[in-house]
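Structural overview for review
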Amino acid sequence: MSCVIYVDRHRRAVEIMGIPQPKVSALLRGQFRGICEAKMLEAIARLGPEVKIVIGPSRRRSSPGHV
């Protein structure tokens, strides 16, 4: 049941925000690459006045990065 609600809310967010579903998914996972600040703020503003933005320390990766 909760999965169906999540999918429905996700689809609704895509419709309201006016950005493609893969970008909405990336934003929900905290990945902001590929979307400019102006477009992101415009999309967030379309969600309405009850938007909660939480900023915290970055998550540690389970393995160190490499080049």
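Numbers given to residues run from 1 along each chain, matching the order in which its sequence is written. In keeping with the model being predicted, local features are shown solely for residues with a pLDDT of at least 70 and side-chain atom pairs are shown and tallied solely at 80 or more, while totals for entire chains, interfaces and linings include all residues. Heavy atoms throughout the structure, all of them, feed into the side-chain values; hydrogens and water do not.

This brings us to the overall build of the chain. Put simply, DSSP H or I for four residues or longer makes a helix, DSSP E for two residues or longer makes a strand, and each gets a number counted from the N terminus. The secondary structure content of the chain amounts to three helices and zero strands. Put simply, the chain runs from its N terminus to its C terminus through helices and strands in the order α-α-α. For the chain, the residues scored as buried account for 18% of the 67 residues in total. Using the Shrake-Rupley algorithm and a 1.4 Å probe, accessible areas are obtained, with residue cover drawn only from the displayed protein chains. A total accessible area of about 6300 Å² is found for the chain, and carbon and sulfur atoms account for 57% of it. Only protein chains enter the accessibility calculation, which uses a 1.4 Å probe. A residue is then buried if its area is under 20% of the maximum for its type, exposed if over 50%, and partly exposed in between.

Every patch collects residues that have over 30% relative accessible area and no salt bridge, joining them within 9 Å if they carry like charges and within 5 Å if they are nonpolar side chains (Val, Leu, Ile, Met, Phe, Trp, Tyr). The salt bridge definition used is simple: a Lys or Arg side-chain nitrogen within 4 Å of an Asp or Glu carboxyl oxygen. A contiguous nonpolar surface patch, about 400 Å² in accessible area, is contributed by Leu47, Val51, Ile53 and Ile55. Its place among the elements puts Leu47 in the segment after α3 (37-46). Judged by relative accessible area, Leu47 falls into the partly exposed class, the value being 38%.

As a further point, take the nonpolar core. Residues Ala13, Met17, Ile19, Val24, Leu27, Ile35, Met40, Ala43 and Ile44 constitute the largest nonpolar core, which totals nine residues. Of all elements in the fold, only α1 (2-17), α2 (21-28) and α3 reach the threshold of two or more residues within this core. In terms of residue count, α3 provides more of this core than any other element does, three residues in total. Throughout, nonpolar core names a set of buried Ala, Val, Leu, Ile, Met, Phe, Trp, Tyr and Cys residues whose side chains join them through atoms within 4.5 Å.

As a general rule, the predicted coordinates of low-pLDDT regions are not to be interpreted in detail. Values of pLDDT, the confidence the predictor places in each residue, fall between 0 and 100. Looking at the chain as a whole, its pLDDT mean stands at 78, while 78% of the residues score no less than 70. Predicted confidence in the chain is weakest over α1, with a mean pLDDT of 74, and strongest over α3, with 86.

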